[in-house]
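Here is what each chain is made of, one letter per residue.
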Amino acid sequence: MKLPHEAYLLRVYIGESDKVEGKALYEVIVEEARKQGMAGATVLRGYLGFGANSRIHTSKVLRLSEDLPMLVEIVDEEDKINAFLPFLDRMIKEGIVTLEKVRVLFYRHSKKGETAEG
């Protein structure tokens, strides 16, 4: 797959405890992105954060939280990102979705059976 130099970064900020039919929402988002043939997705787990309700979510031992901030990032071309937005709109009950234009410098992957050395 080849990405254009001008692409878009989709960021989805949700909670770790957000579920869809018993499955973690961040997993559902990544699986759907893969199914739709998007270039890739990454999930990052936050240590501290708050959202619209201003409740602090932290990983500190004394304040155990089971709803840490989760960030799903997807980079792809504009048309694919736009086609993905209705799915997110249906799935996300609480959170924020942002979109920004990015410049892709490298997008590399090895072919099946190939090592990093070639």
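Everything that follows concerns the structure shown earlier in this document.
Residues numbered from 1 in each chain as written. Predicted model: local features only at pLDDT ≥ 70, side-chain atom pairs only at ≥ 80, totals over all residues. Heavy atoms only, no water.

### Let's talk about the nonpolar core
Inference 1: Core analysis: the largest hydrophobic core is formed by 20 residues, its most contacted members being Leu-10, Val-12, Ile-14, Ile-29, Ile-74, Phe-84 and Leu-88.
Inference 2: Counting only elements with at least two residues in this core, the list comes to strand S1 (6-15), helix H1 (25-35), strand S7 (69-76) and helix H2 (78-91).
Inference 3: The element contributing the most residues to this core is H1, with 5 residues.
Inference 4: If we ignore the near neighbours within four places in the chain, the residues touching Leu-10 are Val-72, Glu-73, Ile-74, Ile-81, Phe-84, Leu-85, Leu-88, Val-97, Thr-98 and Leu-99.
Inference 5: The next biggest cluster of nonpolar side chains, apart from the first, holds 6 residues, and it includes Ala-7, Leu-9, Val-102 and Val-104. (Core = buried A, V, L, I, M, F, W, Y, C linked by side-chain atoms within 4.5 Å. Buried < 20%, exposed > 50% of the residue type's maximum accessible area, 1.4 Å probe, protein only. Helix = DSSP H or I, 4+ residues; strand = E, 2+ residues; numbered from the N terminus. Contact = heavy atoms within 4.5 Å.)

### Topic: the packing of aromatic side chains
Inference 1: Counting across every chain of the model gives 1 aromatic pair.
Inference 2: Ring centres of Phe-84 and Phe-87 lie 5.4 Å apart, and the angle between their planes is 40°; on these two criteria the pair is classed as tilted. With Phe-84 and Phe-87 both in helix H2 and 3 residues apart, the pair spans about one turn of that helix. In terms of burial, Phe-84 and Phe-87 fall into one category: buried. (Phe/Tyr/Trp six-rings, centres within 6.5 Å; stacked < 30°, edge-to-face > 60°.)

### What about the environment of Phe-84?
Inference 1: What makes Phe-84 buried here is its relative accessible area of 0%.
Inference 2: Once you skip the residues sitting within four places of it in the chain, Phe-84 turns out to touch Leu-10, Ile-29, Glu-32, Ala-33, Gln-36, Met-38 and Ile-74.

### Focus on H1
Inference 1: Along H1, the residues that are buried comprise Leu-25, Tyr-26, Val-28, Ile-29, Glu-32 and Ala-33. Relative to the axis of H1, the buried residues are bounded by an arc of 160° and lie together on one face. The outward face of H1, more than 90 degrees from its buried face, is lined by the exposed residues Arg-34 and Lys-35.
Inference 2: Residues of H1 that are buried in the fold lie against S1, strand S2 (19-20), strand S3 (23-24), strand S4 (41-45), S7 and H2.
Inference 3: Remark: Gly-37 follows H1 within two positions and exhibits a positive phi of approximately 75°. (Arc of directions from axis to C-beta.)

### A few points about the pattern of salt bridges
Inference 1: Counting across every chain of the model gives 5 salt bridges.
Inference 2: Taking the shortest distance from any N to any O, the salt bridge between Arg-11 and Glu-73 comes out at 2.8 Å. Within this pair, whereas Arg-11 is found in strand S1, its partner Glu-73 is found in strand S7, the two being separated by 62 residues in sequence.
Inference 3: Where Glu-32 meets Lys-35, a salt bridge forms, and the shortest distance between an N and an O atom there is 3.4 Å. Residue Glu-32 and its partner Lys-35 are both found in helix H1; the two are separated by 3 residues, about one turn of the helix.
Inference 4: Judged by relative accessible area, which is 17%, Glu-32 ranks as buried.
Inference 5: Taking the relative accessible area as the measure of exposure, Lys-35 reaches 64% and is therefore exposed. (Salt bridge = Lys/Arg side-chain N within 4 Å of Asp/Glu carboxyl O.)

### Here we look at unusual backbone geometry
Inference 1: Of note in this structure, Glu-21 is not a glycine but carries a positive phi near 50°.
Inference 2: Of note, Glu-21 is situated in the loop between S2 and S3.
Inference 3: You can call Glu-21 exposed: its relative accessible area is 84%.

Worth remembering: the numbers are spatial, not functional.
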